[in-house]
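So the chains spell out like this:
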Amino acid sequence: MHSAPGPAAQVEGKLILPRAKAMAVIVCWLFVVFDGYDLIVYGNVISSLQNEWGISSSTAGTLGSLAFLGMMIGAVLAGRLSDAIGRKTAVIGCVVVLSVFTVLCAAATGPIMFGAMRLVAGLGLGGLVPTANALAAELLPPKWRAAVATMMMSGVPIGGSVAALVGIPVIPNWGWRPMFLFALVPLVVLVPLAIKFLPNTNPMAAGDPEGAGFKRLLGPRFRMISIMFALVTVVTLLAWYGLGTWLPKLMQGEGTDLGSALTFTLALNLGAVAGSFITAWGGVRFGTVPTSIIAALLAGVSLLLLLTDPPVAAVYVIFVLAGVGTHGTQCLIIAAVASYYPDNLRGTALGWALGVGRIGAVAAPQIGGWLLAAGLGADSNFILFGVSALIASILLTVIWRKYETTHDAPRLVPIGH
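The structure presented is a predicted model; accordingly, all values stated were derived computationally and were not measured.

Peer 1: What's the story with the overall build of the chain in this structure? I'm lost.
Peer 2: In terms of regular secondary structure, the chain is built from 15 helices and 4 strands. The 417 residues of the chain split such that 57% are buried. Across the chain, the fraction of contacts at a sequence separation of at least 24, relative to all contacts at a separation of at least 6, is 83%. With the model as given, the accessible surface of the chain reaches about 15,700 Å², and the carbon-plus-sulfur share is 71%.

Set out below in structure tokens:
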């Protein structure tokens, strides 16, 4: 008798996905692209909002933080729900919330309404990445989960790059509101594809004598590594989303016009796209955690080099390297989490790491705004984000030294036990 085929066949070491599963992974990736667009679009319109509504940098930072606050709540809840009610339902629900309330941002009459819409949109925004990654991971053999999880996250900076490219002609000619109307695309185009191609998976149906949920995630077996994953996500997201939110404004403060400032954002996001694939290769070749240590170190050193007042060409290179390092580190953390936990705990674990990690994303726009409002200039932000990346490198080194590692993720048993 022949054994039943697995989720994907392999020929000479290459991954061969059945068409339906390949389409499901592609749809999940496209959702992550629009997730990235919505993350970065606010940073591109900050100056326009300040001009129209007369708000301060501190208030602009608060508005930016509201979306990340929603993401923090959404990631934790959606990750848990995806383990309980199934991945497909959770993914589509997140997309609908994200799209509808992002479109409503375009109709905002003032900062209060705008902030409320961003807060609710953040629920879907935060829930989409852990649920989409959990679903994609289930369609792949374990050997390929880390690499594909990392490459899935290339969608975030690609979406950010689209936001910068769209913003260069749209904002000067039609204002900031059309930037939020693009959220209709996933609602109208991708949701029907998701209904057709995403499988109805429910890992809880298989049963597990050890149970699932937050009680198991934070129980004796997984508690310490779950806390470490969350902490390193906090500082990594502080650096990544701090740059994503404030970079155009910071570069305008250094004397560049909006168009040129957006090209720096484009450099950051293109670096992040490249970083997704570079770190995917490094994660498979050297292990996700060792590669993430180098990526975080690269980001930290690059950002601190901005304090030396380098020439413009070098600044572009620095932002490319910062994109490679900050986003690459976060990709590797997600890959490690996706590979580390059992199927019926994966969504909860991803939601936990990304949800708690959003504390850094919530703090970044607010702290950045305070530093600017205090008159400390762009350098203060670059120090904040650079040091955060270096702290991430240190925490990842602790994980690497404390736990045995495989190519996919840390093992459970500390070295020496």
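Peer 1: Looking at this structure, I do not really get the nonpolar core. What am I missing?
Peer 2: Taken as a class, soluble globular proteins show a tendency for nonpolar side chains to be buried jointly. If you look at the biggest cluster of nonpolar residues, it comprises 110 residues, and the most contacted ones within it are F114, M179, F180, F229, F319, Y341 and F382. It is helix α10 (residues 223-253) that provides the largest number of residues to this core, a total of 16 residues.

Peer 1: Mind showing me how you'd approach the environment of T326 here?
Peer 2: Considering the arrangement of structural elements, one finds T326 in helix α13 (residues 312-340). Classification of T326 by relative accessible area gives buried; the value is 2%. Residue contacts for T326: discarding those within four places in its chain leaves T236, A239, W240, L243 and A299. Within the local environment of T326, its side chain forms a polar contact with the backbone oxygen of A322, the two atoms lying 2.7 Å apart.

Peer 1: Can you walk me through the packing of aromatic side chains in this structure?
Peer 2: Two descriptors summarise a pair of aromatic rings, namely the distance from one centre to the other and the angle between the planes of the rings. Following the criterion strictly, the structure yields 10 aromatic pairs and no others. Between the aromatic rings of W53 and W176, the centroid separation amounts to 5.4 Å while the plane-to-plane angle is 70°, which identifies the pairing as edge-to-face. With W53 in helix α1 (residues 19-53) and W176 in the loop between α6 (155-174) and α7 (177-181), this residue pair connects regions lying 123 residues apart in the sequence. Judged on exposure class, the residue W53 and its partner W176 are both buried. On the numbers, 6.1 Å between centres and 55° between planes, the contact of F319 with F382 is tilted. Pair noted here: F319 is in helix α13 and F382 is in helix α15 (residues 377-402), with a separation of 63 residues, a long-range link. You can call F382 buried: its relative accessible area is 3%.

Peer 1: How should the pattern of salt bridges be read in this particular structure?
Peer 2: Side chains that differ in charge, positive against negative, can pair when their charged atoms come close. For the structure shown, the criterion picks out 2 salt bridges. The shortest N-O distance in the salt bridge between R118 and D38 comes to 2.9 Å. Of this pair, R118 sits in helix α4 (residues 111-138) while D38 sits in helix α1, placing them 80 residues apart in sequence. Judged by its relative accessible area of 3%, D38 is buried. As a salt-bridge pair, R177 and E52 come within 2.9 Å of each other at their nearest N and O atoms. In this pair, R177 sits in helix α7 while E52 sits in helix α1, placing the two residues 125 residues apart along the sequence. Judged by its relative accessible area of 26%, R177 is partly exposed. With relative accessibility at 41%, the residue E52 sits in the partly exposed group.

Peer 1: Sorry, what's going on with a nonpolar patch on the surface here?
Peer 2: A cluster of nonpolar side chains, namely L69, I73, L77, L81, I85 and L123, defines an oily patch on the protein surface of about 480 Å² accessible area. It is helix α2 (residues 57-85) that provides the largest number of residues to the nonpolar patch, a total of 5 residues.

Peer 1: Looking at this structure, I do not really get the packing of α1 against α4. What am I missing?
Peer 2: The axes of two packed helices give the description: the angle between them and the distance between them. The interhelical angle for the contact between α1 and α4, taken along N-to-C directions, is 160°, at an axis separation of 9 Å. The orientation of α1 relative to α4 falls into the category roughly antiparallel. In this structure, α1 crosses over α4, and the sense of that crossing is left-handed. Between α1 and α4, the residues in contact are C28, F31, V32, D35, D38, L39, V41, Y42, L49 and W53 and P111, F114, R118, L125, L128, V129, A132 and L135, respectively. Residues of the contact of α1 with α4, tallied by class, amount to 15 nonpolar, no polar and 3 charged.

Peer 1: Quick question: what am I supposed to make of helix α3 (residues 87-105) here?
Peer 2: Relative to the 27 Å expected for 19 residues at 1.5 Å per residue, α3 spans 27 Å between its end C-alpha atoms, a close match to the ideal helical length. Where α3 is concerned, the buried positions are R87, K88, A90, V91, I92, C94, V95, L98, S99, T102, V103 and C105.

Peer 1: How should the environment of S58 be read in this particular structure?
Peer 2: The residue S58 is located in helix α2 in this model. Sequence spacing of S58 and A373 is 315 residues, and the spatial spacing of their C-alpha atoms is 6.1 Å.

Peer 1: Explanation requested: the packing of α1 against helix α8 (residues 184-197) in the structure shown.
Peer 2: As a packed pair, α1 and α8 sit with axes 10 Å apart at the nearest point and diverge in direction by 155°. Here α8 runs roughly antiparallel to α1, going by the angle between their axes. Helix-helix and strand crossings are classified by hand; for α1 and α8 the assignment is left-handed. Counting all contacts with α1, which are made through R19, A20, M23, A24, V27, L30, F31 and F34, the residues of α8 involved are V185, P186, L190, V191, L193, A194 and F197. A per-class count over the contact of α1 with α8 returns 14 nonpolar, no polar and 1 charged.

Peer 1: Whenever I open this one, the side chain of S393 confuses me. Can you help?
Peer 2: Position of S393 relative to the elements: it lies in helix α15. For S393, a relative accessible area of 7% gives the class buried. Dropping the residues within four chain positions of it, S393 is found in contact with I293, A296 and L297.

Peer 1: Would you mind showing me how to read unusual backbone geometry here?
Peer 2: Leaving glycine out, the prevailing phi sign among residues is negative, and the prevailing peptide bond configuration is trans. Positioned with a positive phi, D309 is a non-glycine residue whose angle comes to about 55°. Within the secondary structure layout, D309 lies in the loop between α12 (288-305) and α13. The class of D309 is exposed, set by a relative accessible area of 67%.

What counts and what doesn't
Here the residue numbering is sequential within each chain, running from 1 through the sequence in written order. Confidence filtering applies because this is a predicted model: local features only for residues at pLDDT of at least 70, side-chain atom pairs given and counted only at 80 or more, and all residues used for totals across whole chains, interfaces and linings. Derived side-chain values reflect all non-hydrogen atoms in the structure, with water molecules and hydrogen atoms excluded from consideration. Each helix is a run of H or I in the DSSP string that is no shorter than four residues. Each strand is a run of E no shorter than two, and both are numbered from the N terminus. Working definition: with a 1.4 Å probe on protein chains only, accessible area under 20% of the residue-type maximum means buried, over 50% means exposed, and in between means partly exposed. Any pair of residues with heavy atoms lying within 4.5 Å of one another is described as a contacting pair. Note on areas: Shrake-Rupley with a 1.4 Å probe; residue coverage comes only from the protein chains shown. To form a nonpolar core, buried Ala, Val, Leu, Ile, Met, Phe, Trp, Tyr and Cys residues must be joined to one another through side-chain atoms within 4.5 Å. Two N or O atoms form a polar contact when they lie within 3.5 Å of each other; inside protein one atom must be a possible hydrogen donor and the other a possible acceptor, and for residues adjacent in sequence the pair counts only when both atoms belong to side chains. Each Phe, Tyr or Trp ring (for Trp, its six-membered ring) is paired with any other whose centre lies within 6.5 Å, and the angle between the two planes then decides the class: stacked below 30 degrees, edge-to-face above 60, tilted in between. Counted as salt bridges are all cases of a side-chain nitrogen of Lys or Arg within 4 Å of a carboxyl oxygen of Asp or Glu. Patch rule: a residue counts if its relative accessible area is over 30% and it has no salt bridge; like charges are joined within 9 Å, and nonpolar side chains (Val, Leu, Ile, Met, Phe, Trp, Tyr) within 5 Å. All axes here are fitted lines through C-alpha atoms, helices being fitted over the stretch that makes contact, and every angle between N-to-C directions spans 0 to 180 degrees. Roughly parallel covers angles under 35 degrees, roughly antiparallel covers those over 145, roughly perpendicular covers 65 to 115, and oblique covers all other angles. By the definition used in this description, the sense in which the near helix is turned from the far one sets the handedness, with an anticlockwise turn below a right angle giving left-handed and a clockwise turn giving right-handed. In this classification, Asp, Glu, Lys and Arg are treated as charged, Ala, Val, Leu, Ile, Met, Phe, Trp, Tyr, Cys and Pro as nonpolar, and every other residue, Gly included, as polar. How far a helix is expected to stretch is found by multiplying one less than its residue total by 1.5 Å.

Geometric descriptors of this kind do not, in isolation, establish any biological role.
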